[in-house]
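Chain by chain, the residues:
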Amino acid sequence: MTRTFSGVKPTGHLTLGNYLGAVRQWVEMDQHRSDALFCVVDLHALTVDHDPARVLRLSRQAATLLLASGLDPEVCTVFVQSHVGEHTRLAYLMECTASDGEMRRMIQYKEKATREQARGGSVRLSLLTYPALMAADILAYQTDAVPVGDDQAQHVELTRDLAVRFNQRYGHTFTVPRAVLPPVASRVMDLQDPTSKMGKSHAATAGIVYLLDEPEVIRKKVMRAVTDSGSEVAYDPEGRPGVANLLDILAACTGERPEELAGQYNSYGALKKEIADAVVELLRPLRIRHAELCADPGYVDGVLRKGAERARRLARPTVDAAYAAVGLMPAL
Ligand code: TYM
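Residues numbered from 1 in each chain as written. Predicted model: local features only at pLDDT ≥ 70, side-chain atom pairs only at ≥ 80, totals over all residues.

**Observations regarding the nonpolar core**
- In terms of nonpolar packing, the biggest core is built from 93 residues, with Val78, Ile249 and Val279 touching the most fellow members.
- Top contributing element to this core by residue count: helix α9 (residues 241–254), with nine residues.
- Counting contributing residues per domain, this core is built from domain 1 (3–181 + 296–325) and domain 2 (184–295), each supplying no fewer than three.
- Once residues within four sequence positions are removed from consideration, Val78 is found in contact with Phe38, Ala63, Leu66, Leu67, Leu71, Pro73, Val303, Leu304 and Gly307. (Core = buried A, V, L, I, M, F, W, Y, C linked by C-beta atoms within 7 Å. Buried ≥ 20, exposed ≤ 12 C-beta atoms within 10 Å, placed from the backbone. Helix = DSSP H or I, 4+ residues; strand = E, 2+ residues; numbered from the N terminus. Domains from an automatic or database assignment. Contact = placed C-beta atoms within 7 Å.)

This is the structure in C-alpha cells:
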C-alpha cells in the first residue's frame, strides 16, 4: 500500500483554499486509497512572529477541523508534529544535506522574508531552514505521495532532491516522494485581490473565506468578490483572473470544468450567487461536525494521542537508519 503524508500549519483559521487545494483530497481519496498520515505542523508556525496562546488555540482548532472535514481516525493517522520528536531529529540531517543556496531560492522564503523585513522585523533562521523540516516530515514516513496545493510544489520538489542526494551519498534510505495537486483549484486566489493566493495568515480578511465563517458571511464575501472589467463570463486566468478564480471555485464545488461553466452564466451576479450557495452547502456539514467535536474535546485528544503513538512507531526506524547511515554512533 502506498504511503501518503501531508500537513497544515496553524498560523491562521483554515480557509477555502486549504480545503479545496488539499484537505478535500485527503478526505475523499487519500485516506481510503493509501496508508495516510495528516499532521498539524505546529513547529512550522514558529518560523514567523507568533503569539504562543494563538498557536496553541489554532493547533487544536486545525486538528478538530480536519476531523470535522471527514478524516476518519479509523482509517488514517492524524497527529501534531511537535508530539513526534523524529521530525526535528531528521530535520537536522536534512540541514546537513541541503545547501544554503537552495534554501534561499525558495519562493515562500523570499516572499515571507521580504514581508518581515518590510515590517521592520528580523527574519528567523527557522524561516530559511523551513524546507528542511518539511522534508523531514515527509521522508520520515517513507512517503510516496504528498497531496498539496500548488504553492507547496516547490518545497516537495526540494524534498525529492534531498532524498535522492541523501540516498546517493549514504545508501538507499528514503523513498523519493512526489507532489499530487488537485485537478482544479490548486491555487485559490483572494476574492479581493485575485492576483494573490487566498492565504490564512493575510491581514485583510474580506477576500478570504474561512471554513468556519457563518453562511451569511460567506455569501457577503462571495457577492463582493472583485471581478474584471467587462461583463461576459469567460474563463481566462491570465486576462481575467477574478472571474477565472470564481469559476475555479465553482468547478471544484460541482466537479465540472471551469471552461464549461463559463458558458452557463450571462452575468457576474448570477455566477456569484451560484458560488455562494455551492460554498455554503459544501461547508455546512463541516461546521455542524466541528461544533459537535468542540463539545467533546476528550475525543479529539484521544485521536491525537493515538495518532502520535503510531507516527512515532512508523518514523523511528527510518530516522534511526538515517542516523546510522551518516555515521552517528547508535545510543549505547
Ligand atoms: P499551509 O498550512 O500553508 O497549507 C495547507 C495546505 O493547503 C494548501 N493551500 C492552498 N491550496 C489552494 N489554494 C490556496 N489558496 C491554498 N492555500 C493553502 C497548501 O498548498 C497545503 O497543501 N508547508 C506547508 C505545511 C507542511 C507540509 C509538510 C505539507 C509542513 N510540512 C509536509 C505537506 C507535507 C504549508 O505551509 O501549508
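**Observations concerning unusual backbone geometry**
- Of note, Gln142 is a non-glycine position whose phi angle comes to about 50 degrees, a positive value.
- The phi angle at Ala185 is positive, at roughly 60 degrees, despite the residue not being glycine.
- Looking at the element boundaries, Ala185 is found in the loop between β5 (178–180) and α8 (215–223).

**What about the UniProt feature "binding site: L-tryptophan" (unreviewed entry) in the protein?**
- In this numbering, the UniProt entry assigns the feature "binding site: L-tryptophan" (unreviewed entry) to Asp137.
- Checked against the element boundaries, Asp137 lands in helix α6 (residues 125–139).
- Contacts of Asp137, omitting those with residues within four sequence positions, involve Phe5, Gly7, Cys39, Val41, Gln81 and His87. (UniProt positions renumbered as here; feature names shortened; annotations may be inferred.)

**Quick notes on the site of the ligand**
- Near the ligand there are 26 residues, and of these Lys9, Gly17, Gly21, Val148 and Gly149 occur at the shortest range.
- Counting residues per element, the ones that place at least two in the shell around the ligand are β1 (3–8), α1 (16–33) and α6.
- For the shell around the ligand, the per-class residue count stands at 10 nonpolar, 11 polar and five charged.
- Residue contributions to the shell around the ligand reach at least three from each of two domains, namely domain 1 (3–181 + 296–325) and domain 2 (184–295). (Near = placed C-beta within 6 Å. Nonpolar A, V, L, I, M, F, W, Y, C, P; charged D, E, K, R; others polar.)

**So, the domain arrangement of the protein**
- Domain assignment breaks the protein into domain 1 (3–181 + 296–325) and domain 2 (184–295).
- Computed from C-alpha atoms alone, the centre-to-centre distance between domain 1 and domain 2 is 27 Å.
- On the side of domain 2, 23 residues touch domain 1, which itself brings 23 residues to the contact.
- Those elements that provide at least two residues to the side of domain 1 that touches domain 2 are α1, α2 (52–69) and α12 (297–325).
- Here the side of domain 1 that touches domain 2 takes six residues from α1, the largest share from any one element.
- In terms of residue class, the side of domain 1 that touches domain 2 is built from 10 nonpolar, 10 polar and three charged.

**What to know about the pairing of strand β2 (residues 35–40)**
- Burial analysis of β2 places five of its six residues in the buried class, which makes it a mostly covered element.
- Where β1 and β2 come together, six bridges link them in parallel fashion. Each residue of the ladder has a partner; that of Gly7, found in β2, is Cys39.
- With respect to chirality, the unit in which β1 leads through α1 into the neighbouring parallel β2 is right-handed.
- The sheet contact formed by β2 and strand β3 (residues 77–80) spans four bridges and is parallel. (Pairing = 2+ DSSP bridges. Right-handed = clockwise from strand over helix to strand, strands pointing away.)

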